[in-house]
Structures are given as C-alpha cells and as structure tokens.
Amino acid sequence: MSSNDLSPVKSSERYIILDALRGFALLGICMANFPEFSLYTFLKPEAAAAMPTATIDRVTRFLLYFLIDGKFYTLFSLLFGMGFSIIIANAARKGKNGFRVFYRRMLILLLIGFGHLMFIWSGDILMLYALLGMLLPLFRNASDKRLLAWAFALLLLPVAIDCACEVAQVSLSAPVVRLQAFYCAKYGITDDNFAYWLHDARDYGEVFQFLIQGALVRVQEFIDGNRYFKVMGLFLIGFYLGRNCVFANLESRERWLTSVFRKGMLFGLPLSLLYAWSSMQHHPFGLTAHSALYLVSVYPLGFAYAAGLCLLYLKRKQWFAWRCLAAPGRMALTNYIGQSVIGMFLFYGIGLGWGSRVGLAQTEVIVLAVYLFQAAFSRLWLSGLQFGPLEWIWRMLTYGKTFSLLKAKN
C-alpha cells in the first residue's frame, strides 16, 4: 500500500512525557551550544581571564562539564530512537509499511541538517542523526537482548578506538585538520582573529566563509569524539525503550525507573565531577582515561535525568510545568533551528554583535531568556495550530500530502 496513506501521529496520540523530555533536552542543548555562539569557547585563555566575570565564568564552565556536557544530547538521542519505534508501531497498527515513510523522513531531515550546517551554524547534529537513523531499520527484528548488546558495544567502542589511537600516536581526523588549515589560510582565518571573525563580520558572506571551515571542524569533532558510535548506541537503547512501550506504561515501570534514577545518580554524579575536573585540566590522565570517564559518567547521569523526570511526572501529573516543557518539545525541530538563528542575531556582527564581549555566566543567563521566549512562543503557536512551522513542512514532504496547519474546530 502507498506510503501516502499513512499519517503522522495525531495530537491525541502523543505522550506528554515524551514532549516534556524533548523540551527539557532542548534547554540543555541550548546551554551546551551557546558558549560557541557567544564566541566564548573560541577566546584564548588570557582573553577569557581578562574578563570581569572570569571567576564566575570558570565556575560556570566547571558546572557545564559536570551537569550538562553530553547529558542532554544523550537524552535527545534516546528520544530519537523512541520516535522511530513509534513511527513503525503506528504503521504496523494500520497494517501498512512505514519504512518508506521513515526513509523519506530521514532524507528530508538530512537536507535540513545540511542547510543548517552550511548556512547557519557549524555545530549541527541533524545530519548525523539522519544518516545514522537510516541504519535503524536494520535492527527492527533484533531481539531485545541482541539490541542492547549492540547498543552497549557501540558505546564501549570509542574507548577502545581512543586507546588504539593513543598507543599508536595517530589521529584519524588528520586529513580533515589539514584541509581545514588550508581553507583558513586561504581566507585569512588565523588563531589571532578566530574568536573575533564572526563578531567583526560585516556581511553574511564573511559569516559563510567561517561556516565552511566550521563544517570541517564539525567533521573533525565527530571523528575525534567517535560521535557516530555513541549516537547509534543511544538510538538503539531508545528504540528498545520505545519498542517495549516504557513511555506508555510509566506506572508499571516505577520501580525500574527508581532503580535507574538512583544508580544513575550514585555513579553519574561523583564520576561526572571527576570528568569535569579532567576536562578543565585538559585530560591529565590521557585520552583513553578521559574517554572512559565520559562513558561511566555522562550516560548514567543522562539516564538518571530521564528517569527522574518520569518519576516526577508520575507524582505531579497536573503540574503546569509539563505543558510548558511539552510545548517547545512538540516543536523541537523549529526550536533547535530557531536557537541557531537567535544565536546568530545576538552574537554575530551581522546582528547585535555581542559575541566575544560577554562571559560564560552571562551567556547562560541569555540562554534562559531565549528558552523562556521559545517556550512562550511555542505555547502561543500551538494554542491555535497543530504543528510547529518546520514540523508542518517536514510532515507534508514526508507523507507527500497537505495537512491543515490550523486545529480542527470542535
């Protein structure tokens, strides 16, 4: 049967806890990304130390490594895997093949991610999600045991790769680094002006020159950080959770959620402190040790965040806060891209030009203001409309038919 006969999940079929988790993840992702938008990450140590907020900035940086770094993309990746399980279950329930729809959905996401990476922000994650998402159907018939075995093997693999690279003293991203250096030399992007290029940009053409080399840096980051293995492992765990309808039967999973929360906090909090210290000290125990610290700290704490929010939801389902979190979560694509557009406007020379002028603590205050704006905008938008603007376009291109943006009147 034609994929055109399929339809996206209706509002009445949505689980508010998944939207709330997605909205919560968006906040953490914004907190992790905006230090680059504000150009603080690119400042030389002496320039950062000369800022009037240097002391509180150092504390803020430690807290970001401790509580934010990696934890929220962990949560976002889990939710992506769950989303795949929902698409397949929705198609199977209607007796139709959902894989053509899924691949079309991933292809469109790939194109959106490419546009985001090349023209708005070099820190895009959507392209990687789309490319790896295309591999998920390969695991659809795997048993739960085999699915989890694959997931944990993929999460462990980066430590082994980092160990091999450290012993052999090689860098897998060396060709990309050389290409990026060649490009920077061609356009005059140097260590001295790197942190100020976007702040001093007089037009979008200069921003675009920086974004090209930034795309190469992003590829380097994925290779050096073994990000593809990490994300794929998290996708599979999310697929496992979705396939077993954990989100649909939270009450029956309360003991399990409590166990995940307690163990995640027990291991994740102290080990994340050590991970934060290692990050601040530039990996004093070596790359392999730091990679292992990431494994045993970031994932447990990320899982604990998810479990803790679910437990809180079970105890306080009527809280207004859930609707506030769920609204931006329902418009996750629009808000993710929107954060990049807002970041460009606030910090680059083609906008307000705040970049390289504000400290890290000030940047995170701006993050809270941006997120509150997005939450309010999302609630207002969804009060009369069914989808976020990008979600609406994504759905129509995916299903090959027109959907009304307006909510149906009762």
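Residues numbered from 1 in each chain as written. Predicted model: local features only at pLDDT ≥ 70, side-chain atom pairs only at ≥ 80, totals over all residues. Heavy atoms only, no water.

## Quick notes on the overall build of the protein chain
Logical step 1: Counting secondary structure elements, the protein chain contains 17 helices and 0 strands.
Logical step 2: With the C-alpha coordinates of the protein chain rotated into their principal frame, the extents come out at 60 × 45 × 40 Å.
Logical step 3: The proportion of buried residues among the 410 residues of the protein chain is 51%.
Logical step 4: Contacts in the protein chain between residues far apart in sequence, at least 24 positions, make up 81% of those at least 6 positions apart.
Logical step 5: Within the structure as shown, the protein chain displays about 19,300 Å² of accessible surface, and the carbon and sulfur contribution to it stands at 66%.
Logical step 6: Distance from the positive charge centre (38 side chains) to the negative charge centre (22 side chains) of the protein chain: 14 Å. (Helix = DSSP H or I, 4+ residues; strand = E, 2+ residues; numbered from the N terminus. Buried < 20%, exposed > 50% of the residue type's maximum accessible area, 1.4 Å probe, protein only. Contact = heavy atoms within 4.5 Å. Areas by Shrake-Rupley, 256 points an atom, 1.4 Å probe, with all protein chains shown as cover. Lys, Arg positive; Asp, Glu negative; His and termini not counted. Charge placed at Lys NZ, Arg CZ, Asp CG, Glu CD.)

## Details of the pattern of salt bridges
Logical step 1: According to the stated counting rule, one finds 7 salt bridges in the structure shown.
Logical step 2: Across the pair K44 and D192 runs a salt bridge whose closest N-O atoms are separated by 3.0 Å. Taken together, the residues span a long stretch of sequence, with K44 in the loop between α1 (16-37) and α2 (45-49) and D192 in the loop between α8 (174-187) and α9 (197-200) at a distance of 148 residues.
Logical step 3: What makes K44 partly exposed here is its relative accessible area of 32%.
Logical step 4: Owing to a relative accessible area of 59%, D192 belongs among the exposed residues under this scheme.
Logical step 5: The partner of E251 in a salt bridge is K317, and the shortest N-O contact between them spans 2.4 Å. Remark: K317 occurs in the loop between α13 (287-315) and α14 (320-330) and E251 occurs in the loop between α11 (227-243) and α12 (254-280); sequence separation between them is 66 residues.
Logical step 6: A relative accessible area of 47% places E251 in the partly exposed class. (Salt bridge = Lys/Arg side-chain N within 4 Å of Asp/Glu carboxyl O.)

## Thoughts on the state of the cysteines
Logical step 1: According to the stated counting rule, one finds 0 disulfides in the structure shown.
Logical step 2: Of all cysteine sulfurs in the structure, the one in C163 sits closest to C165, which takes part in no disulfide; the separation is 9.4 Å.
Logical step 3: Looking at the unpaired C245, the closest cysteine sulfur is the one in C310, lying at 14 Å. (Disulfide = S-S within 2.5 Å.)

## A closer look at the packing of helix α5 (residues 99-119) against helix α10 (residues 204-224)
Logical step 1: Remark: α5 packs on α10, axes separated minimally by 7 Å, with the N-to-C direction vectors making an angle of 115°. Contacts between α5 and α10 involve L117, M118 and F119 from the first element and Y204, F208, L211, I212, A215 and R218 from the second.
Logical step 2: Among the residues making up the contact of α5 with α10, the classes are represented as 8 nonpolar, no polar and 1 charged. (Axes fitted to C-alpha atoms, helices over the stretch in contact; angles between N-to-C directions. Nonpolar A, V, L, I, M, F, W, Y, C, P; charged D, E, K, R; others polar.)

## Observations concerning a nonpolar patch on the surface
Logical step 1: Residues F114, F119, Y204 and I350 make up a contiguous nonpolar surface patch of roughly 360 Å² in combined accessible area.
Logical step 2: The topology assignment puts Y204 in helix α10. (Patch = residues over 30% accessible without salt bridge, like charges linked within 9 Å, V, L, I, M, F, W, Y side chains within 5 Å.)

## As for the side chain of Q180
Logical step 1: Turning to its location among the elements, Q180 is positioned in helix α8.
Logical step 2: The exposure class assigned to Q180 is buried, which follows from its relative accessible area of 12%.
Logical step 3: Leave out the neighbours within four places in its chain, and Q180 touches F194, Q213, L216 and V217.

## A word on the packing of aromatic side chains
Logical step 1: If you walk through the whole model with that rule in mind, you get 32 aromatic pairs.
Logical step 2: The interplanar angle of 10° and the centroid separation of 5.6 Å between the aromatic rings of F119 and F208 together place this pair among those described as stacked. Placement of the pair is F119 in helix α5 and F208 in helix α10, with a sequence separation of 89 residues.
Logical step 3: Here F119 falls in the partly exposed class, since its relative accessible area comes to 41%.
Logical step 4: Put simply, the rings of F34, F37, W121, F347 and Y348 touch in pairs and so form one group of aromatic residues.
Logical step 5: Its end group placed over the ring of W394, R105 keeps NZ or CZ at 4.0 Å from the ring centre.
Logical step 6: We note K230 situated over the ring of Y294; from NZ or CZ to the ring centre the distance is 4.0 Å. (Phe/Tyr/Trp six-rings, centres within 6.5 Å; stacked < 30°, edge-to-face > 60°. Lys NZ or Arg CZ within 6 Å of the ring centre and 35° of its normal.)

## What about helix α16 (residues 360-382)?
Logical step 1: An ideal rise of 1.5 Å per residue puts 33 Å on 23 residues; α16 measures up with 33 Å between its terminal C-alpha atoms.
Logical step 2: Within the sequence span of α16, burial applies to L360, A361, T363, E364, I366, V367, V370, Y371, Q374, A375, S378 and L382.
Logical step 3: Contacts from the buried residues of α16 go to α1, α3 (54-68), α14 and α15 (332-347). (Expected span 1.5 Å × (residues − 1).)

## A look at unusual backbone geometry
Logical step 1: Positive phi is not limited to glycine here, since C245 has a value of about 55°.
Logical step 2: Of note in the backbone geometry, S356 takes a positive phi value of approximately 65° without being a glycine.
Logical step 3: For S356, the position within the fold is in the loop between α15 and α16.

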